[in-house]
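# Descriptive analysis of the structure
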Amino acid sequence: MFSLLRSFRWAISGILYAVSTQRNMKIHLLAALVAAAAGLYLKLPPGELVLLAVTIFMVLAAEMFNTALEAVVDLVSPRQHRLARIAKDVAAGAVLLTALNALVVAYLLIWPRLRV
Ligand SMILES: Nc1ncnc2c1ncn2[C@@H]1O[C@H](COP(=O)(O)OP(=O)(O)OP(=O)(O)O)[C@@H](O)[C@H]1O
């Protein structure tokens, strides 16, 4: 039980590290809060709120994986290397894909209700 609480603490410190050091994480978090507030304010049906929540957490988790990968790449390859560049670029591309998906979801779920 104690070790479970300890691993939660490490996980939370990982989240706090990403939020406090990564500019993109701050942007994603702000966008997530705006989207969640809009979803609740517009009283989206439960199914659509679930979709919004999954979308939001997907972006945040992708940014966390990207931050973790950047740290590992910097550790193993402090010098410039083609494979280090590929690893970082592909991870950044994955974050971009989740962010694009979030824009599509927001456009489909939130935008139509703002126009009425
Ligand atoms: N060791 C390296 N070898 C080759 N290219 C690298 C290396 N480190 C970074 N790069 C290139 O520079 C880009 C930016 O890397 P960086 O580590 O600064 O990440 P970032 O996207 O700026 O993230 P952050 O905003 O968190 O700093 C990478 O996507 C990659 O193209």
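Residues numbered from 1 in each chain as written. Predicted model: local features only at pLDDT ≥ 70, side-chain atom pairs only at ≥ 80, totals over all residues.

### Here we look at the overall build of the protein chain
From N to C terminus, the protein chain includes 5 helices and 0 strands. Starting at the N terminus, the α and β elements of the protein chain follow one another as α-α-α-α-α. Against the 2.2 N^0.38 benchmark of 13 Å for 116 residues, the protein chain shows a C-alpha radius of gyration of 17 Å, more extended than a compact globule. Along the first, second and third principal axes, the C-alpha set of the protein chain runs to 55 × 40 × 20 Å. The proportion of buried residues among the 116 residues of the protein chain is 14%. Relative to all contacts within the protein chain whose residues are 6 or more apart in sequence, the contacts with residues 24 or more apart total 69%. (Helix = DSSP H or I, 4+ residues; strand = E, 2+ residues; numbered from the N terminus. Rg over C-alpha atoms; globule rule 2.2 N^0.38 Å. Buried ≥ 20, exposed ≤ 12 C-beta atoms within 10 Å, placed from the backbone. Contact = placed C-beta atoms within 7 Å.)

### Details of the site of the ligand
Taken together, Gln22, Arg23, Glu70, Ser77, Gln80, His81, Ala84, Arg85, Lys88, Asp89 and Ala92 make up the full set of residues adjacent to the ligand. Broken down by element, the shell around the ligand gets its largest block of residues, 5 residues, from helix H4 (residues 82-109). Across the shell around the ligand, the residue classes tally to 2 nonpolar, 4 polar and 5 charged. (Near = placed C-beta within 6 Å. Nonpolar A, V, L, I, M, F, W, Y, C, P; charged D, E, K, R; others polar.)

### Considerations on the UniProt feature "transmembrane region" (unreviewed entry) in the protein chain
Using the residue numbers shown here, the UniProt feature "transmembrane region" (unreviewed entry) corresponds to residues 27-44, 50-69 and 90-110. Structurally, residues 50-69 comprises 100% helix and 0% strand, and the distance from its first C-alpha atom to its last is 28 Å. Secondary structure content for residues 90-110 is 95% helix and 0% strand, while the C-alpha to C-alpha distance between its ends is 30 Å. (UniProt positions renumbered as here; feature names shortened; annotations may be inferred.)

### Quick word on the nonpolar core
Considering soluble globular proteins, one finds that nonpolar side chains tend to be buried as a cluster. If you look at the biggest cluster of nonpolar residues, it comprises 8 residues: Ala35, Leu52, Ile56, Val59, Ala62, Val95, Ala102 and Leu109. Every element with two or more residues in this core is listed here: helix H3 (46-76) and H4. Ranked by residue count, the leading element in this core is H3, at 4 residues. Discounting chain neighbours no more than four positions away, the residues touching Ala62 are Ala94, Val95 and Thr98. (Core = buried A, V, L, I, M, F, W, Y, C linked by C-beta atoms within 7 Å.)

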